[in-house]
Structure formats: structure tokens, C-alpha cells
Amino acid sequence: MKPFAYQAPGDAATAVRSVAADPAAVFLGGGTNLVDHLKLGVAAPDLIVDVTAATSNEITDDGAGGLRIGAAVPNSELAADRRVRDRYPVVAQALLSGASGQLRNMATTGGNPLQRTRCVYFQDVTTPCNKRKSGSGCSAIGGYTRYHAILGASEQCIATHPSDLAVALAALDAEVRVLGAAGERGIPFVDLHRLPGEHPELDTVLEHGELILSIDLPPLPMAARSAYRKVRDRASYAFALVSVAAAVDVADGIVRDARIAFGGVAHKPWRATKAEESLRGAPASDDSYRAAAQTELAGAQAQDGIDGGNAFKILLLTRTLVATLRDLAHEET
Amino acid sequence: MTRITVMVDGVSYVDDVEARTLLVYYLREKLGKIGTVVGCDTSNCGACTVHLNGRSVKSCSIFAIQADGSEITTIEGLARDGQLHPMQQAFHDNHALQCGFCTPGMIMQAIDLLGDDPDPDEQRVREGLEGNLCRCTGYQNIVRAVLDAAQKMKPAASAPDEMSTRQPSAVAGGGN
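Overview of the structure. (Residues numbered from 1 in each chain as written. Chains lettered and ligands numbered in written order. Predicted model: local features only at pLDDT ≥ 70, side-chain atom pairs only at ≥ 80, totals over all residues. Heavy atoms only, no water.)

## A look at the side chain of Ser59(B)
All names here are of chain B. Structurally, the position occupied by Ser 59 is in the loop between strand S4 (55-58) and strand S5 (71-73). When its relative accessible area of 0% is taken as the criterion, Ser 59 is described as buried. Aside from chain neighbours lying at most four places away, what touches Ser 59 is Leu 22, Leu 23, Val 24, Thr 36, Cys 48 and Val 50. (Helix = DSSP H or I, 4+ residues; strand = E, 2+ residues; numbered from the N terminus. Buried < 20%, exposed > 50% of the residue type's maximum accessible area, 1.4 Å probe, protein only. Contact = heavy atoms within 4.5 Å.)

This is the structure:
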């Protein structure tokens, strides 16, 4: 591993100044993804700024039914928090469906959404990858595509975002509060991540040196009836082939409102607004759920690959959404 | 080099380390705590699991410098006065090891999972150990051992009740 300098400032402003001033500097949360990248040679920073002491490790009530989650709150503590489990079960379920106990103890709320794709070509420095090295080409196109995108991909990159938590946060209209050299700003969580377009090397809209301070969950009473369903190649310790985060408000057999996001199918957590729109006012039935999935996935594009391609994801995601919504609609609240 | 202060298995150490030194290599090569092993070196297998401030972590994926100011417990710090920790004893009693390489990590993670759920069912034990791989595939007896330990570690049981609280000191502090 290449040597680097290390700082662990006690406040966010100092951390931001250090990273903003050095193009080869990076923030470190729990390090559960970055340390692997340093070993693999995917990342080679000159300066690592540990921000676990510079950001809050507390979950606070906003007084209106929402929660502010400090960036340094470990994934395990977030998943165990009683308020999170009661008001936003989808968040706890998403966290517990990913990684392992040890990693959740280290991984942070701010770091989890910033983890990078597990595309095997991205992580293998001997193969071309536009995300790792802009302009070098994409080895995944026509390659191993099982874990790759069916929505929003480009000719430069077909990678998917690996975070489960991020899918839940996208569904819940969370907001990210960040601090940068130019000051503090809020970013709707659904706008945090980018589609690859011509610049797959950029995962998010964050400027270099912008630091996540907290993730804010707005009051959303319907989220008390929410769930995360993840489909993967083995029952544990694997990334999603497809996943669904959903919250529904059902009364008298009619879907009054819904929040839906997909994981494992795009470069970013995919907020399924078309599916939500199609569900509002529809009967709470499998037909409605299937129609909602089909509406959202009308523009899906499967990849051809040496592994047979990933067209199976379109049907798999349709069925996963139907099953998730069916379970939620029948759930007692 | 950066100076760190850590409490490992109840003993305080002050050392200069390179920023890139991983915690597991600091423990093994600097402190001689070779009970903690390196399995995959890629944060997959869990053999290197230790407790950092009372919570299980994979020491191959953490820099020693991240542990500055922390309390660490390794497999070597569990026994007290020659008495095995109830989890170690349960692994022994239930033949929960074959080659034994995964055992230190399994035991450290099993203690952590009982901290979250002192009375788990078999499914919870299996899920709680999802980040620990046994290449001998000896999972049946490992799960049995954890369930056995859970019974013996209940507050009413006669075995030492180390996991009734989440205080780091409940599991640290051995080795002296």
C-alpha cells in the first residue's frame, strides 16, 4: 500500500479545509470500502482525513417526527435505533440486509452512501474501466453483467450502486446536509448520486472537499409501513441483484400514496416516481403493483454479456416489487 | 510515523506506527498478539475479528491509527485467571473447530452477537455469523456452541456473565 499522511481533526471545518486544499486527499469514515481500495490500488490518496471525530455520532429528533442522523453514526447503531425501527423500518431492514456485523459496526451513515461500485472490472486494476480511469474504456459492457445496470446506464459505464441504505434513503426523501469550502448546503438524497453519462468517474454531485455532516429523514407517517426486500445470489453477505425499498399508505383497499426506490439496477439508487404515480388511487392488488413496475421499467435496457446478460432483472424486479407491496399492503399497522 | 495509545487486552501501549499499518499487523507483529489471525486480508472471512471499544470489527480492514485512544480485546484477552471465557469453553465442549483457523474470529463475533441478542435462535446465530467463513465448513457445531454459550451466559446461569451489559470493560481486561 502506498504511504499517505493521516489527519483526524476534531471539527468538520478543519477536515473540509484539509481535503479541499489537496486534490489527492480523501475523507475516511469507517474505511470498510476505502481500505480495500487502498489494498487493491483502486485508490491511492496522499492524504487521508478521518472524519469520525469531526462529525456527529448522534441521532436526534427534529421535533416534527423526523430524525437527523449524524454522519459518524455507525450502521449497526442506526439499524438498532428504536425510533428508526418504528418510524422507518425500511432503513433498519436495508442496513441489516447488507455486509456483516463487523462491517456494520465500523461503517458510518455518511460513508455508506459514498461506497463505490463493486463492479468486478472497477476493482480489478488490470482491466480498463472508465470509472476508475476516465477514457480507458468499459470492460463490463459485453462482459460479466449479472450485477450491472438495466436503467440509466451509458456507453461509458453500466455499473450499479452497491448501497442498500441508499435505496431506503432515496425512497424516504431524505436530505443530505454537507459542508464545503463554500459553506453548508442541503442536497435532496435522490440528487446526491449521478447517472454515469460521459463522466462515470463521478459517483455523486459532491464537490471535492464537501463533507456529509448528517442525513435528515423527514417526517413521513406512512413510512411506519415500509420494507426493504433484497434478492441476491445467496441468502446472506452478497450484493443485490435487485432490491426494493417501499412505503405504502393503503386504506379501504386503495393505495393512497407510495414511496418506491430500486437498488442493484442503476448507477444510483433509482427512485421509481413513475411507479408511485401509477399506484396513487389504484386498487391495492397484484395487477396494480405489476402495472406500476412495468410503467417504471418500460425504458429498461438489458445488457448482453458473456454470462448470458441481465435481462432476467426486469422480470425479477417486477416480481420483487409486487411481492414487497403485497406484503406491505397486508401488514397490520 | 504517528504516535498512538491503545489498551489491548487490558494493557496500555504507546507506539509509533505508520499510517498505513493495519490493525491486525500491529497486533500480531508489534504486540505479538498472534492469536488474531489473517485469513483473507480482504475483509471477507472474519478470521481477524477483534473488539474495538466493545464492538466486533475486522482488524485487517482498519488502520491501527484509527484505533488510537481505543480499547481493543483480542481472542487472547478473553480468558481470566486460566479460566476460558464461556464462549471459548462452549467451542471446546461442542467440538466447534476443525482446523481452528477461523475460531478466533468466530468466537469474537459470537460474543458480539450475544451482546445484541443474548438469547438468539439458530437462525439469528447463523445471521450473526454471516461475516465469518469456516473453510472446513464446520458450521453445525459452531452454531451449536454459540447456542450453548448463550444458555450458560444468561444472567441466571452460573457461568460468568460477561455480556449482560455493552460496556467495553465487560469483555476486555483479561491477560493480567
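## Things to note about the packing of helix H2 (residues 86-93) of chain B against helix H5 (residues 139-152) of chain B
Residues and elements named next belong to chain B. Taken N-terminus to C-terminus, the directions of H2 and H5 make an angle of 135 degrees; their axes are 8 Å apart at the nearest point. On the basis of the axis angle, H2 is oblique to H5. Considering the relative orientation of H2 and H5, their crossing is right-handed. On H5, the residues touching Pro 86, Met 87, Ala 90, Phe 91 and Asp 93 of H2 are Ile 142, Ala 145, Val 146, Asp 148, Ala 149 and Lys 152. Split into classes, the residues belonging to the contact of H2 with H5 amount to eight nonpolar, no polar and three charged. (Axes fitted to C-alpha atoms, helices over the stretch in contact; angles between N-to-C directions. Parallel < 35°, antiparallel > 145°, perpendicular 65-115°, else oblique. Left-handed = near helix turned anticlockwise from the far one by under 90°. Nonpolar A, V, L, I, M, F, W, Y, C, P; charged D, E, K, R; others polar.)

## Considering the nonpolar core
All names here are of chain A. Counting residues in hydrophobic clusters, the biggest one holds 38 residues, and the most contacted among them are Leu 78, Val 91, Leu 172, Phe 189 and Leu 217. Listing elements by their share of this core, those giving two or more residues are strand S5 (67-70), helix H3 (75-80), helix H5 (89-96), helix H7 (165-171), strand S6 (175-180), strand S8 (211-217) and strand S10 (242-251). The leading source of residues in this core is H7, at seven residues. In this structure Leu 78 touches Ile 59, Ile 69, Val 73, Val 84, Val 91, Leu 95, Thr 109 and Leu 165, once residues within four positions along its chain are discounted. Judged by nonpolar contacts, the second largest core, of 29 residues, contains Ile 150, Val 244, Ala 293 and Ala 329. (Core = buried A, V, L, I, M, F, W, Y, C linked by side-chain atoms within 4.5 Å.)

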